[in-house]
Amino acid sequence: QVQLVESGGGLVQAGGSLTLSCAASGRTFSAYSMGWFRQAPGKEREFVARINWISGYTAYADSVKGRFTISRDNAKNTVLLQMNSLKPEDTAVYYCAVRTGATWEFWGQGTQVTVSS
């Protein structure tokens, strides 16, 4: 099992910035990638960004490319999501997840991000 705890969400004005943090514990050695997803009201959960735990390779959704940056601190088993130039459409609950194989197996409880216009 891997336990994930997100933090850093909140209310911010459009154009502002927030940094989300995800702390992992438990069987973290089994992690292949860590990522961020989000779910807005009335919408399905969508992929935001991911990072390979060993190589550091990153990937982003087109909607956040150039504005969001995902990074990791292997020593602290922590993944960050730096979000800049936030837009009202970025409003959602943001979830941290761990992929150990072909699927995103473990999920955090989520943290709310609200961007006001």
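Anyway, here's the lowdown on the structure attached to this text. These numbers come from a predicted model, not from an experiment.

## Some points on the pattern of salt bridges
Any two side chains of opposite charge can pair, so long as their charged atoms come close to each other.
Right, so step 1: Counted according to the given criterion, the structure contains four salt bridges.
Right, so step 2: Ionic pairing is found between arginine 38 and glutamate 46, a salt bridge with its closest N-O pair at 2.6 Å.
Right, so step 3: What makes glutamate 46 partly exposed here is its relative accessible area of 36%.
Right, so step 4: Across the salt bridge formed by aspartate 62 and lysine 65, the nearest N and O atoms sit 3.1 Å from each other.
Right, so step 5: Taken together, the shared-partner salt bridges connect Arg38, Glu46, Arg67 and Asp90 into one network.

## Regarding the nonpolar core
Right, so step 1: Leu4, Met34, Trp36, Leu81, Met83 and Tyr94 are the most contacted members of the largest nonpolar core, which totals 30 residues.
Right, so step 2: Of all the secondary structure elements, the ones that give two or more residues to this core are β1 (2–7), β3 (18–26), β4 (33–39), β5 (46–52), β7 (68–73), β8 (78–83), β9 (92–99) and β11 (111–116).

## Quick look at unusual backbone geometry
Right, so step 1: Not every positive phi belongs to a glycine, and asparagine 77 is a case in point at roughly 50°.
Right, so step 2: Within the element layout of this structure, asparagine 77 appears in the loop between β7 and β8.
Right, so step 3: Not every positive phi belongs to a glycine, and serine 85 is a case in point at roughly 50°.
Right, so step 4: Among the secondary structure elements, serine 85 is positioned in the loop between β8 and β9.
Right, so step 5: The partly exposed category is assigned to serine 85, whose relative accessible area is 41%.

Each value, and the rule that gives it
- Residues numbered from 1 in each chain as written.
- Predicted model: local features only at pLDDT ≥ 70, side-chain atom pairs only at ≥ 80, totals over all residues.
- Heavy atoms only, no water.
- Salt bridge = Lys/Arg side-chain N within 4 Å of Asp/Glu carboxyl O.
- Buried < 20%, exposed > 50% of the residue type's maximum accessible area, 1.4 Å probe, protein only.
- Core = buried A, V, L, I, M, F, W, Y, C linked by side-chain atoms within 4.5 Å.
- Helix = DSSP H or I, 4+ residues; strand = E, 2+ residues; numbered from the N terminus.

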